[in-house]
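# Structural overview for review
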Amino acid sequence: MSRSAAAALLYRAGVMPVVTVRDADSAVRIARALVQGGLGAIEVTLRSDAALDAIAAIRREVPGMSVGAGTVLDADQLQAAQDAGAQFVVTPGTPPVLAEALMAAAVPVVPGAASVSEILALTARGFDAVKLFPAESLGGAAMVRALRGPLPAVGLCPTGGIVETQLPDYLAQPNVLCVGGSWLVRDEWLAAGDFDAVRDAARRAADALAGARGRR
Ligand code: 3PG
């Protein structure tokens, strides 16, 4: 089976910062800091009013950053995200009606799932890359390991409750394409305007990724 565009995108990213932005200006500064740190993708959740403007601004102003929309819950949000310029779309979970809409998307999509049955419902529709959410609550790296037995061809992007120290353990799993989370862009850093902290967190994650890929 050839790898889907979504799987290729996730693998290339390796680490996916998940960010809920306050405004487009700070979103651009976050994206620049992440690129400076060595990361090339960002998931902007649609959980704030500024999200669509932020996606458009990052797309326009931050070359080298692939910007996606996260927390996409329905077909209307999928359309709005694409209209804003989102280069990929991520969902936290994927009921059948949303899976139908995702199959018609014009950009790579990463549907969310939380169980073997949910993953199987997605692979039956042709998806080969899945956001495992909420990863830590579901069982963390141990669950990722367990999924590889029955589902060796499914690439995962575990996300949800992951902290920096856990990154190497996730990245070491052969069925992990990418690891997502908000630990790279903490609210207190943004409140303090400390974008250097974002850059440094991105750099540590990029180093962990390079180390993990080198060992595989
Ligand atoms: C998401 O929407 O993917 C999560 O909010 C990110 O998870 P985290 O904040 O627990 O890292």
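Quick summary incoming for the structure in this document. Please read these numbers as outputs of a predicted model, since none were measured by experiment.

Val-18, Arg-47, Lys-131, Phe-133, Thr-159, Gly-160, Gly-161, Gly-181 and Ser-182 make up every residue found near the ligand. Between the ligand and Gly-161 there is a distance of 2.6 Å, counted from an oxygen atom to a backbone nitrogen or oxygen. Here an oxygen atom of the ligand sits 2.6 Å away from a polar atom, N or O, in the side chain of Ser-182. Protein chains bury 81% of the 310 Å² of accessible surface belonging to the ligand in isolation. Using a 2 Å cut-off from the grid points, one finds that the ligand occupies the largest pocket. Tallied by class, the residues present in the shell around the ligand amount to 2 nonpolar, 5 polar and 2 charged.

Attention now goes to the sheet that holds strand β7 (residues 129-132). Within a sheet, adjacent strands bond to each other through the backbone by hydrogen bonds, running parallel or antiparallel. The 3 strands lie next to each other as β6-β7-β8, forming an open sheet whose pairing is parallel. The open sheet is flanked by β6 (112-113) and β8 (155-158), the only strands paired with a single partner.

Another point: unusual backbone geometry. Note: most residues except glycine have negative phi, and most peptide bonds are trans. With an omega dihedral of -5°, the bond running from Phe-133 to Pro-134 counts as a cis peptide bond. Looking at where Pro-134 falls in the secondary structure, it is placed in the loop between β7 and α7 (135-138). A positive phi angle, close to 55°, is found at Thr-71, a residue other than glycine.

Here we take up the packing of helix α3 (residues 51-61) against helix α4 (residues 75-84). The contact between α3 and α4 brings their axes to 8 Å, and the two run at 30°. Across the interface between the two elements, Leu-52, Ile-55 and Ala-56 from α3 touch Ala-80, Ala-81 and Ala-84 from α4. Among the residues forming the contact of α3 with α4, the class breakdown is 6 nonpolar, no polar and no charged.

What follows concerns the packing of helix α2 (residues 24-37) against α3. Working note: a packed helix pair is described by the angle between its axes plus the distance between those axes. At a closest axis distance of 8 Å, the pairing of α2 and α3 adopts a crossing angle of 45°. Judged on the interaxial angle alone, α3 and α2 are oblique. Crossing hand, α2 versus α3: right-handed. Facing α2, whose interface residues are Ala-24, Ala-27, Val-28, Ala-31 and Arg-32, α3 presents Asp-53, Ala-54, Ala-57, Ile-58 and Glu-61. Broken down by class, the residue content of the contact of α2 with α3 amounts to 7 nonpolar, no polar and 3 charged.

For the rest of this paragraph, the subject is the pattern of salt bridges. Under the definition given, this model contains 9 salt bridges. Across the pair Glu-43 and Lys-131 runs a salt bridge whose closest N-O atoms are separated by 3.4 Å. Of this pair, Glu-43 sits in strand β2 (residues 41-45) while Lys-131 sits in strand β7, and the two are 88 residues apart along the sequence. For Lys-131, a relative accessible area of 6% puts it in the buried group. Ionic pairing is found between Arg-199 and Asp-200, a salt bridge with its closest N-O pair at 3.1 Å. Beyond isolated ion pairs, a larger network of salt bridges with shared partners links Arg-32, Arg-60 and Glu-61.

Reading guide: rules and limits
- Residues numbered from 1 in each chain as written.
- Predicted model: local features only at pLDDT ≥ 70, side-chain atom pairs only at ≥ 80, totals over all residues.
- Heavy atoms only, no water.
- Near = heavy atom within 4 Å.
- Polar contact = N/O pair within 3.5 Å; in protein donor to acceptor, adjacent residues only side chain to side chain.
- Areas by Shrake-Rupley, 256 points an atom, 1.4 Å probe, with all protein chains shown as cover.
- 1 Å grid on protein atoms, 1.4 Å probe; cavity = no way out; pocket = protein on both sides within 12 Å on 5 of 7 lines; lining within 4 Å.
- Sits in = over half its atoms within 2 Å of the grid points.
- Nonpolar A, V, L, I, M, F, W, Y, C, P; charged D, E, K, R; others polar.
- Pairing = 2+ DSSP bridges.
- Helix = DSSP H or I, 4+ residues; strand = E, 2+ residues; numbered from the N terminus.
- Axes fitted to C-alpha atoms, helices over the stretch in contact; angles between N-to-C directions.
- Contact = heavy atoms within 4.5 Å.
- Parallel < 35°, antiparallel > 145°, perpendicular 65-115°, else oblique.
- Left-handed = near helix turned anticlockwise from the far one by under 90°.
- Salt bridge = Lys/Arg side-chain N within 4 Å of Asp/Glu carboxyl O.
- Buried < 20%, exposed > 50% of the residue type's maximum accessible area, 1.4 Å probe, protein only.

Scope: geometric values only; no functional claims are made or implied.
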